[in-house]
Every structure is written in C-alpha cells, then in structure tokens.
Amino acid sequence: LGLIFSWTIGGGGRGSEVSRGWEVPAHYHIHDNRERVDDRGPDPQIACTPWIQVTDYASRSMNYFDVWSPEISTRYGEVFWTMMDPVALPPDVVEQFKDGTIAITGYEMDQLDGDGNSIPYNRAYNHHYMAYIVGEGADMAMVDCHASHDHGCYEGKKVLRPVPKSENEQFSNTFFSEGNGGESRKSFHGYPNGYAQLISSPKEFHLEPMQIDTWNRDNPSLEFVAGPEPAASQAPPGASYSGILECPCTDRISKVNGSICSDDFGCLPFNLACLEEPGSTLISNGNKICNLDTYNGGQQCCPHQSILLDRDQNPWPDVKQTYRLKFRFYYQAYVPTADRVSASHQDLRRLYWQTEAWAGEYDIPPGAESYGHDDGATAMTDDGQYTYTITSEWTAGEMIDLDDCDWRNTSACSGQYKDSEGVYMVYAGGHCHAPNCVSIELWNQDTGELYCRQLPMFGKGDITNDKFDDKGYATLPPCVWSDDASEDLPTRPRVPFDAKLYSVAVQNSTYGSVPKLSLFFDFIELCYFKDRISSTIYHTHLTGASLTLPSHPPTPRHPVVSLRRYSHTGQMASWQMRGALYY
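What counts, and at which threshold
Residues numbered from 1 in each chain as written. Predicted model: local features only at pLDDT ≥ 70, side-chain atom pairs only at ≥ 80, totals over all residues. Heavy atoms only, no water. Pairing = 2+ DSSP bridges. Helix = DSSP H or I, 4+ residues; strand = E, 2+ residues; numbered from the N terminus. Axes fitted to C-alpha atoms, helices over the stretch in contact; angles between N-to-C directions. Salt bridge = Lys/Arg side-chain N within 4 Å of Asp/Glu carboxyl O. Buried < 20%, exposed > 50% of the residue type's maximum accessible area, 1.4 Å probe, protein only. Disulfide = S-S within 2.5 Å.

> Explanation requested: the sheet that holds strand β14 (residues 253-256) in the structure shown.
Note on sheets: strands pair through backbone hydrogen bonds, and any given pair is parallel or antiparallel. Taking strand neighbours across the sheet as the criterion, the three strands line up as β14-β15-β16 in an open arrangement whose pairing is antiparallel. Taken across any chain shown, the strands that pair with only one partner, and hence form the sheet edges, are β14 and β16 (266-269). In this sheet, neighbouring strand axes are inclined to one another by 30 degrees on average, regardless of whether the strands run parallel or antiparallel. Examined bridge by bridge, strand β15 (residues 259-262) and β16 share four bridges and lie antiparallel to one another. The residue of β16 that forms the bridge with I260 is L268.

Below, the structure is given as structure tokens:
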C-alpha cells in the first residue's frame, strides 16, 4: 500500500476520493464472531455485519485532506512527548470554510519515513497522541494540566491547549484521541451518517504525540529484534515487543521528598490520584501505581526526551530515527438548520472516563506473586495462567459535567450539559494497550445492559502482505450505533446522566507489567473486514442484548484460548466516547 503524497513540511494534501494509497479493497474479508470467547459460551445476539456505508468514505461523497506533523528525530530509548509546532491546514480547505463549519466524519493515521515507508510500531512505539484542529475562534495557550483529560499531570504542570477567544465561540476547536496508541493504525475512527466533529473556520492542526524509540539499529529488517533493555524491564524472553515501551523506572530514576528525579529531567512531583471504590479498585487491590514507594514504571518515569535505559547503556548514540506522523481527515460541509430542515450533522460531544480513575495508568503485577493477595483482582485460568482485572463505577454525568470546562469552548472535555438530560451514544472506544489486553467492557449498572465489549485482535507479523500487521500489537475495534436503518447498526443507547456506568478491564498478568491505560471513548460496533489505510477494521456489532451484570467486584472472564504470557507497567483502560445530547 505505497503512499504517493508529496513530502511537505508542515503542509497537507486534499482529495475528493479515497487515495490509491489507502483505498478500499475490492472485497471485504468477513469473519464470524458469533462465538463468545469467555466462560459464558456462545452469544447468539452478537453478530457481524460489514459496515460498508460507514467505512467507504468515497461512496458517501466525502472529501479528505492530509496533514503531516513536523519531524520527530530520536535516538534509541528516547521518549518524544511534547506539543509540536502548528501545521497549517491546506489553503483550499481553509478558504472553503473561512465563513463556515467543517464536519469531520472520520480519520486515519500512520507514521512514515522520508521515503514514505510506514515505520512499524516495534521501531517507533506510539504510546498515545492528542490531536486538535483549531479554528479562528480559538488560540493555543498554556493552561493547567488536569488528570481528567491529560496524561502525565503533576502539581503545577502547564500544557498547551486550545482556548476560545470569547465565551460565545462555538465549534472553535475539536479533539481527536479515540483508539490512539499502539492500536491506532488498524482501529476504526469514523462515524455514521449525520454525525461529525464540527469546527468553524478551521485553520491549524496541533499534535502532541508520545513516541518511544525501540528500534534496534543492528537489525536492518522489519522483523522485531529486541535491543538493549534496562534491568527494570519486565518484558519476558522472546517477547514480540520491547520492554522499553512500558516506561520502566531505570537506574537513572530516584525518589526524593515526594518527587521522581532523573538524570534527564530533574525532579517532578509524584501526583497519581487513585480514587477509592467504587470509582476505582486500584487502592483496594493494592496496585503499586498509587504509591510513590512502590511505583516502578509508567508515565511519571518517561517525560519528554527522557532515556529509558540504565546509565551504563548508550548504544548507537549518533544514529537517529527520523520520521513524521500523517493524519488523513474525511469531511463534509456542515449545513445548519434552515427552513424547517434539520442540520446536516449532529456535533458529537466527547465523554471520557478511566477505569483506573484518575491515576491515568496502572500496574499489572505478575500473577504468581499477586494471586490471593489483591482482593481477587488476580485470577488463574484453567491452563495455569493469570489475568488481572480492575473495575470502575460512575454516573454518566460525571463524564461531562466538569467544573472547569464547557463543551462549547473546550474540546478536551464536554463540560456543563445545561438543560440536557443525557446522551445518545454513537461511538465508544476503549484504550487497552498490547500486549496484555484481554478485554474491556462498558455496562449500565442500573439495567444490566452491556453497551460495549471490545476484544483485541493481535498482529501476526505478516508485514509482507499487511504493513500494519505488527506482531503482537493490538487492533481494538470500537462500537458504533445509529438510528439510520440504512446503515444496519444497533440503535443508539439512550443514557441519562444519572445512569450508573461500570467498566471492567481484564489484562493478562502471567508476567508482570508496568502502567497500562483502560480508557473509554464513546462511539460503537464490532465485526471484521478490510479497509484502506488501516488495512483491517474489526467491528463487534452488539445488538443491545441485556446480560446479567457480574457481581462487584466481578468474576474475571477468562478466554478459553491460551493467554499470551505478558505483564506490564503503565497499562491504560480508559473509555473515550462521543454522543449527542437529548433534552
């Protein structure tokens, strides 16, 4: 799938149909997902449907434009994690919408070298990204970091974010982070007909990626071969990934007077705010991430330009890896309500929650050590392997009614919902890192309804036929709903703001592992078929079946297949969702 676009620094391209580089194949490869892979057995209400109406952007009369990030240049073991310089949107897009509003209906991303070749995630690992399109109604400014929608926060930290020029600005900027990280390139980011992220008078693209250089310079092939790793790495022998991507606290790190100090970045206050139950089970489980004395890896040990190696390790000091990230945005023109005709698109509000609230990450202890000592979080499978489960309970209104943000003005949160009573969910996607991810589920605690259950699909390493098939790296299918019968999707769940929601994240803990994220982002569906840039899309189509809610804490649901033997630090299990308000 060769890319044919010009290499323009800080620039972008535009097209009126899907490119030859990221085209929709002539056929879709459909898999049957009716067999549930847990101890509850088959579920006849889970079925697969090719969602061609949503994924085939060209047939839906959509244009696209491309933007390239500035260069990233790192040495082995180095972290790149900062807001990059702004990138101007293509001039014709800016001109078309200078007095109007653009409707972003989906996007795709990749990372490429100077010759346009995709770089595997096992060379340059994308931990996560935060991307923005900013309009004329907003400027970038330094604001306080908030754990509820930023990573790596500590007391006093400032971050560069869009800020509206006045309280009356609407659609001044929008934020993209759904299914980001190592699962991003093959996970679907798109919406049903009539839904979009709206930006008035768009002008610039802003990107804050977190990238970790794991490329063994002595290995010229694209097959993964581990380079030197610090003593704190928990990657098992023969792993298909580098233990560096776990952000282990190396011997460069020390803990002094409540701070984490490093040879690379000085001292930063330790500030991981784990919630008590039912907000999160991390404290009751004794998770190491919540305490500075037991913290052994994660985002607090890998700020921008830190080196994730021990002091005596300095391989290939002069050999840099240089590349750019590329985003493709699909769009239509937004037409507002007029003459009793409804607007062309509903703006999708972002809803966000962390199963590990609000630590932003959590530790996965080695199962053999934690089994029987963590309030039931660790369970043993039939074949003697281990899983680690965390849960969180919250009300839907907590996802958007933050005291310091208003959805009309700030894209990183949804803000006060004013007179609305709830949301119709349209998209939901979890953030569940490879290689440990087993499943992540979103439930309605009040009704026992399973809204979304995501099962990762792991790459086989067949990069000759699929350049994104990184061995051991996950594709995490989102869930998508619509009331448009032509799209053959489940009906939008109506979620009142007082509804109790419940997230369950299950990880493989046969080996230990440092911080993971378990997030949720809202949109929803799940099945399996081919797509363009992300050469495979996996959708699990949930038909709204009402299932019995597990006891609290739940009994972990074990896959009947053999688990992959990994554990991890810095895991994430968050939900990022988008929905339409109802009144």
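The structure having been displayed, the exposition proceeds.
> Teacher, can you tell me more about the pattern of salt bridges here?
Side-chain pairs of opposite charge can arise where the charged atoms are in close proximity. Across all of its chains, the model carries 18 salt bridges by this definition. Salt-bridge contacts for R185 lead to D470; the nearest nitrogen and oxygen are separated by 3.0 Å. A residue pair is termed long-range when its members are at least 10 positions apart, and R185 in the loop between β11 (173-176) and β12 (195-200) and D470 in the loop between β26 (457-458) and β27 (474-475) qualify at 285 residues. There is no split in this pair, since R185 and D470 are both buried. Within this structure, D66, K326 and R328 form a network of salt bridges that share partners.

> Can you walk me through the state of the cysteines in this structure?
One way to say it: the disulfide is the covalent bond shared by the sulfur atoms of two cysteines. Scanning the model with the defined rule gives seven disulfides in all. The residue that forms a disulfide with C261 is C267, at a sulfur-sulfur distance of 2.0 Å. The S-S bond linking C261 to C267 shows a torsion near 110 degrees; that makes this disulfide right-handed. For C261, a relative accessible area of 6% translates into the label buried. The disulfide that involves C432 links it to C437, with 2.1 Å between the sulfurs. Between C432 and C437 the disulfide shows an S-S torsion of about 110 degrees. By sign, it is right-handed. For C437, a relative accessible area of 3% gives the class buried.

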